[in-house]
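# A look at the structure
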Amino acid sequence: MGEITNVMEYEEIAKQKLPKMVFDYYASGAEDQWTLAENRNAFSRILFRPRILIDVSKIDLSTTVLGFKISMPIMIAPTAMQKMAHPEGEYATARAASAAGTIMTLSSWATSSVEEVASTGPGIRFFQLYVYKDRNVVAQLVRRAERAGFKAIALTVDTPRLGRREADIKNRFTLPPFLTLKNFEGLDLGKMDEANDSGLASYVAGQIDRSLSWKDVQWLQTITSLPILVKGVLTAEDARIAVQAGAAGIIVSNHGARQLDYVPATIMALEEVVKAAQGRIPVFLDGGVRRGTDVFKALALGASGVFIGRPVVFSLAAEGEAGIKKVLQMLRDEFELTMALSGCRSLKEITRNHIVADWDAPQAALPAPRL
């Protein structure tokens, strides 16, 4: 195998390296996996309108997210049980994110605890939260994340029940015996039982609160001063409610196409959510980002940044920390090149006029400016 030249190539390497049960867990989507393919395919329905003869000798990719300065608008999404991919798991991810000057989001269902991840050294980290039936567990977890220096809570709101992931059912997916959900170890919630279907689906059915509603988002704000990002919004209606409910930001996400199949690709839902948020809170895109061109398209549609999930676990499986660093570097380099070739020198110069989408009405050309 020659040198790796793009993010997608890590998936095949991960497939060769990982046990089938583990690879399938990371790779699969819900049911027909229509949305899984669509998360990628939808990007090809957006084309560029590059502006030429602009001095692009200096390009600034830096931005701020919730007031924190990061090197680029590409961040790490929460993905569960990373030690299934590589022995260093979330430790490697934390170090790679920190080295790249970007944000890591730690999953509630991590195989390393908030304290362990914090021990890897400095870095801006968010904590993804599932709301358990036992609210004491939730309050304790949030408190621990705060104490460990995490800077925000990403509240996953699209999982009152686990989506139907047929590979996990066939494989009778369960957490390998030498691993635990480290954040819950002391609470007797760290182990997943063997089940007749998916062990994770049974775990979620037993532990995660199906009654979760907007009032709980308000409750969460009474127990923590951390900003809350609502992760899993796909409609303008919910975007408006999120703003009213005091969310600090929205992550447009379909859970990597693992929950409800036949929801739109997140890049297709993005603009509707951005318009509804009216600039009052930042909107981020999660799902399907594999190229620097994808990052540019998301920002042109109004996203403040993007999160990547599967590329992290696949590159982690393939090459550990070095693999994740390479993924972040490749995306950064591709994004910088896309900016240069589109005539943008900073993120604020990326506009809706730099792209044309399938769904746009044909535009009459604007008159040329006087030079």
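Now for a description of the structure that goes with this document. Everything quoted here is computed from the prediction, not taken from an experiment. (Residues numbered from 1 in each chain as written. Predicted model: local features only at pLDDT ≥ 70, side-chain atom pairs only at ≥ 80, totals over all residues. Heavy atoms only, no water.)

## Brief notes about the overall build of the protein
Operational definition: Strands here mean DSSP runs of E at least two residues long; helices mean DSSP runs of H or I at least four residues long; both are numbered from the N terminus. Here the globule rule is a power law, 2.2 Å times the number of residues to the power 0.38, and the radius of gyration is based on C-alpha atoms. Residue exposure (1.4 Å probe, protein chains only): buried if accessible area is under 20% of the type maximum, exposed if over 50%, otherwise partly exposed. The contact criterion used is simple: two residues touch if any of their non-hydrogen atoms lie within 4.5 Å. Only four residue types enter the tally: Lys and Arg on the positive side, Asp and Glu on the negative side, with His and both chain ends excluded. Throughout, a charge is located at the NZ atom of Lys, the CZ atom of Arg, the CG atom of Asp or the CD atom of Glu.
If you tally the helices and strands in the protein, you get 13 helices and 12 strands. Relative to the globule expectation of 21 Å for 371 residues, the C-alpha radius of gyration of the protein, 20 Å, shows essentially globular dimensions. When the backbone C-alpha atoms are referred to their principal axes, the protein occupies close to 70 × 50 × 40 Å. When each of the 371 residues of the protein is scored for burial, the buried share is 56%. When contacts within the protein are restricted to residue pairs at least 6 apart in sequence, those whose partners lie at least 24 apart make up 72%. Computing the positive centroid from 43 side-chain charges and the negative centroid from 41, the protein places the two 4 Å apart.

## Concerning unusual backbone geometry
Its identity is not glycine, yet Arg172 carries a phi of approximately 50°, on the positive side. Within the secondary structure, Arg172 is located in the loop between helix 7 (166–170) and helix 8 (199–207). According to the relative accessible area criterion, Arg172 is partly exposed, its value standing at 43%. A positive phi angle, close to 55°, is found at Gln278, a residue other than glycine. Following the sequence through the fold, Gln278 ends up in the loop between helix 11 (266–277) and strand 10 (283–286).

## Considerations on the environment of Glu272
Tracing the sequence through the fold places Glu272 in helix 11. The sequence separation of Glu272 and Ala236 amounts to 36 residues, and the corresponding C-alpha distance is 5.6 Å. Excluding anything up to four places from it in sequence, Glu272 contacts Leu234, Thr235, Ala236 and Glu237.

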